[in-house]
Amino acid sequence: MFQTLLVAHDFSPSSNRALAHAVDLAARTGAALHLMYVDRTAEGVLFEGGKAPPDDELQDRFEERCHASLAPHDRSPAEDRVVCHAVRGVSPAPLLVEKAEGIDADLIVTGTEGRRGARRLIVGSVAEEVLRTAPCPVLTVRQREAGGASGSTGEADDASGSADEAPSSAVEQIVAPVDFSDLTEVALRHVAQLAPLYDVPVTLVHVVEDPTMPSVYEVNASAVRARAAEQRAEEALQSLGAPIEETGVSVSYLVHRGQTTSTVVEATGHRDTLTVMGTKGLSGLRRVMLGSVTEAVIRASDGPVLAVPASAQEASPADE
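Keep in mind that what you see is a predicted model, and the values were worked out from it rather than measured.

### Re the overall build of the protein
Across its full length, the protein holds eight helices and 10 strands. Across the 320 residues of the protein, 51% fall into the buried class. Taking the intrachain contacts of the protein between residues at least 6 apart in sequence as the baseline, contacts between residues at least 24 apart amount to 79%. Counting every atom, the protein has about 14,500 Å² of accessible surface; 46% of that belongs to carbon and sulfur.

Structure representation (structure tokens):
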């Protein structure tokens, strides 16, 4: 399914969580693992101030730190399957996208802090910029708050980046929000590939938006129409899920009535849940449910989120 993974790595907690998922995915698919660090200043995490080191020293130091990061992972790929890239630049996102295009990456993996205004390195707001311009799907993993975030089990934060213990990469279910747009087909192709890979159940979710109705309207008639819409949505979801069920995967269907963004975040934001969503990948243009909502889920989700751009339709893994 995936042959080449590009991982944005800056040794932050979210980056370490992202690396754990990338290593696990590489082990399941046999993919090559490319780790990339963008040094924006002479005072980056690899050096403690002073004069900017030569490029070869930056590369050597990054490779050393990368292998140390991989050591705690039981399923760490062989050295000949790992490539390290240390580059200099002011804007990490374009450099990541350029590298992804250069190595023909099938997936970009990056962490994200999930909050605005906080100090960010390569994997902060950069993740959203990468998402909008990436030539391939992007897997984001949010940094968990100390003591656990929503949907966690209350265990100690697994994103500490300890040299002795790797962060968790568990996936117990896949949830796919569906809005019946062209993006739905693109995302579900990836769901059909990933569910057997992880051997986990799938839930397809659709939100029937519940508009605010003035009291002079026929509220009862509105409620009847909403219930009919929910029934039609569930039938449509079952039709979309049938090909996935044929592969032996357990598929359930969930239709909610409410506001799209909040409902999708609530349905997908749990730990050990892999969310798969389509996205137009365009900034500043009109967005359907899986455009701006994707970014909202990425900021709030406690589990990994796979955003599949519309361009992935031309090179879907299901067609290979």
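This is not the end of the story, as more comes after the structure.
### Details of the state of the cysteines
Two cysteines, two sulfur atoms, one covalent bond between them: this is a disulfide. All chains considered together, the criterion is met by zero disulfides. Distance from the sulfur of Cys-66, which forms no disulfide, to the nearest cysteine sulfur (Cys-84) is 3.8 Å.

### Side note on the pattern of salt bridges
For the structure on display, the rule yields eight salt bridges. Arg-28 is paired through a salt bridge with Asp-24; the nearest N and O atoms lie 2.8 Å apart. Taken together, the residues Arg-28 and Asp-24, both in helix α1 (residues 13-29) and four residues apart, mark about one turn of the helix. According to the relative accessible area criterion, Arg-28 is partly exposed, its value standing at 31%. Asp-24 sits in the buried class, given a relative accessible area of 7%. Notably, a salt bridge pairs Arg-132 with Glu-128, separated by 3.7 Å at the nearest N-O pair. Taken together, the positions of Arg-132 and Glu-128, both in helix α4 (residues 126-133) and four residues apart, correspond to about one turn of that helix. The exposure class assigned to Arg-132 is partly exposed, which follows from its relative accessible area of 25%.

### Digging into a negative patch on the surface
Side chains of Asp-56, Glu-57, Asp-60, Glu-63 and Glu-64 sit close together on the surface and give a patch of like negative charge. Within the secondary structure layout, Asp-56 lies in helix α2 (residues 55-70). Judged by its relative accessible area of 52%, Asp-56 is exposed.

### Regarding the sheet that holds strand β7 (residues 202-209)
Strand order in this open sheet of 10 strands is β3-β2-β1-β4-β5-β10-β9-β6-β7-β8, and the pairing throughout is mixed. Each of the sheet's edge strands pairs with one partner strand only, and the pair in question is β3 (82-88) and β8 (251-258). Within this sheet the neighbouring strands show an average axis-to-axis angle of 20°, counted without direction. With three bridges joining them, strand β5 (residues 138-142) and strand β10 (residues 305-309) adopt antiparallel strand pairing. Paired with Leu-139 across the strands is Leu-306, a residue of β10. Contacts from α1 reach β1 (4-8), β2 (32-39), β4 (107-112) and β5, with the element oriented near 150° to β4. Strand contacts of helix α7 (residues 260-268): β6 (173-177), β7, β8 and β9 (273-279), with the helix running at about 160° to β7, the strand carrying the most contacts.

### Examining the nonpolar core
In terms of nonpolar packing, the biggest core is built from 53 residues, with Leu-33, Phe-62, Ile-174, Leu-194, Leu-204, Leu-274 and Val-276 touching the most fellow members. Among the elements that take part in this core, helix α5 (residues 182-198) stands out by supplying seven residues, more than any other. Residues Leu-6, Ala-93, Val-130 and Met-277 belong to the second largest nonpolar core, which totals 24 residues.

### A word on unusual backbone geometry
Even without being glycine, Asp-104 reaches a positive phi, approximately 55°. At Asp-272, a residue that is not glycine, the phi angle is positive and equals roughly 70°. Within the secondary structure, Asp-272 is located in the loop between α7 and β9.

### So, the pairing of β10
Among the five residues of β10, five are classified as buried, and the element is accordingly described as predominantly covered. Residues Val-305, Ala-307 and Pro-309 line one face of β10 and the alternating positions Leu-306 and Val-308 line the opposite face, and both faces are buried. Sheet topology places β9 next to β10; five bridges connect them, and they run parallel. Bridge assignment links Met-277 to a residue of β10, and that residue is Ala-307.

Basis of the calculations
Residues numbered from 1 in each chain as written. Predicted model: local features only at pLDDT ≥ 70, side-chain atom pairs only at ≥ 80, totals over all residues. Heavy atoms only, no water. Helix = DSSP H or I, 4+ residues; strand = E, 2+ residues; numbered from the N terminus. Buried < 20%, exposed > 50% of the residue type's maximum accessible area, 1.4 Å probe, protein only. Contact = heavy atoms within 4.5 Å. Areas by Shrake-Rupley, 256 points an atom, 1.4 Å probe, with all protein chains shown as cover. Disulfide = S-S within 2.5 Å. Salt bridge = Lys/Arg side-chain N within 4 Å of Asp/Glu carboxyl O. Patch = residues over 30% accessible without salt bridge, like charges linked within 9 Å, V, L, I, M, F, W, Y side chains within 5 Å. Lys, Arg positive; Asp, Glu negative; His and termini not counted. Charge placed at Lys NZ, Arg CZ, Asp CG, Glu CD. Pairing = 2+ DSSP bridges. Axes fitted to C-alpha atoms, helices over the stretch in contact; angles between N-to-C directions. Core = buried A, V, L, I, M, F, W, Y, C linked by side-chain atoms within 4.5 Å.

These figures capture arrangement, not role.
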